[in-house]
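So the chains spell out like this:
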Amino acid sequence: MNEPRDLNGALADNIHRLAERQRRVEADAPWADRLAGRITGFTGSMLFVALHLTFFGGWIVWNLYLTPKFDPTFVVLAMIASVEAIFLSTFVLISQNRMAAQAQARADLDLHINLLAEHELSRLTAVVRQIAERVGVTPPDDIAEIERDVRAEDVLDTLDRVTPPPSGS
């Protein structure tokens, strides 16, 4: 695998570890989820569109211009399309649920990393303040606020109080 020359080594390692983890998650997914993903992947392709154009176009042309007409009112074609739509929408929903769970897991990871970084920066700020005081530099007035850890639940509670609910709720 080609590595970009300017990519930080730790970042490259993280990319590889996360890619390997994603491969394991995909391999460990229930067969029904993997099947739904494959079906959704295929139905979202241009090959699927071409096959449908051919199938439905052929059906319509045959029953409009050729004989014998096996579905002159297109009722059978409408039923086939309806049943297919029911199944395809179910497969899409299964895939979307899986993608939403993956997105939530990534968002949770992002939040935890941000909280850890914030905590580490608060501690680092305290160390820098102590060094500044030892060398006779007056720290900024808001240093105590910067040193204080931010609790995620306090931020979320505040956001819930000041953010209006989405319309339609």
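All values reported here derive from a predicted model rather than from experimental measurement. (Residues numbered from 1 in each chain as written. Predicted model: local features only at pLDDT ≥ 70, side-chain atom pairs only at ≥ 80, totals over all residues. Heavy atoms only, no water.)

Let's shift gears to a nonpolar patch on the surface. A contiguous nonpolar patch, built from Phe55, Val76, Met79, Ile80, Val83, Ile86 and Phe87 and spanning about 620 Å² of accessible area, is present on the exposed surface. Among the elements that line the nonpolar patch, the one with the most residues is helix H4 (residues 75–134), at 6 residues. If you trace the backbone, Met79 turns up in helix H4. (Patch = residues over 30% accessible without salt bridge, like charges linked within 9 Å, V, L, I, M, F, W, Y side chains within 5 Å. Areas by Shrake-Rupley, 256 points an atom, 1.4 Å probe, with all protein chains shown as cover. Salt bridge = Lys/Arg side-chain N within 4 Å of Asp/Glu carboxyl O. Helix = DSSP H or I, 4+ residues; strand = E, 2+ residues; numbered from the N terminus.)

The subject of this paragraph is the UniProt feature "transmembrane region" (unreviewed entry) in the chain. The feature "transmembrane region" (unreviewed entry), as annotated in UniProt, sits at residues 39–62 and 74–94 in this numbering. Secondary structure within residues 39–62 divides into 92% helix and 0% strand; the distance between the first and last C-alpha atoms comes to 28 Å. From the first C-alpha to the last, residues 74–94 spans 30 Å; its make-up is 95% helix and 0% strand. (UniProt positions renumbered as here; feature names shortened; annotations may be inferred.)

Look at H4: 87 Å from first C-alpha to last across 60 residues, which is about the 88 Å you get at 1.5 Å a residue. Looking only at H4, the buried set comprises Leu77, Leu88, Ser95, Arg98, Gln102, Ser122, Thr125, Ala126, Arg129 and Ala132. (Expected span 1.5 Å × (residues − 1). Buried < 20%, exposed > 50% of the residue type's maximum accessible area, 1.4 Å probe, protein only.)

Per the stated rule, a full pass over the model turns up 7 salt bridges. Residues Arg23 and Glu20 are paired through a salt bridge, measuring 3.2 Å at the closest nitrogen-oxygen approach. Placement of the pair is Arg23 and Glu20 together in helix H1 (residues 9–28), with a separation of 3 residues, close to one helical turn. With a relative accessible area of 36%, Glu20 lands in the partly exposed category. Residues Arg129 and Glu133 are paired through a salt bridge, measuring 3.2 Å at the closest nitrogen-oxygen approach. Taken together, the residues Arg129 and Glu133, both in helix H4 and 4 residues apart, mark about one turn of the helix. Put simply, Arg129, Glu133 and Glu147 are held in one network by salt bridges that share partners.

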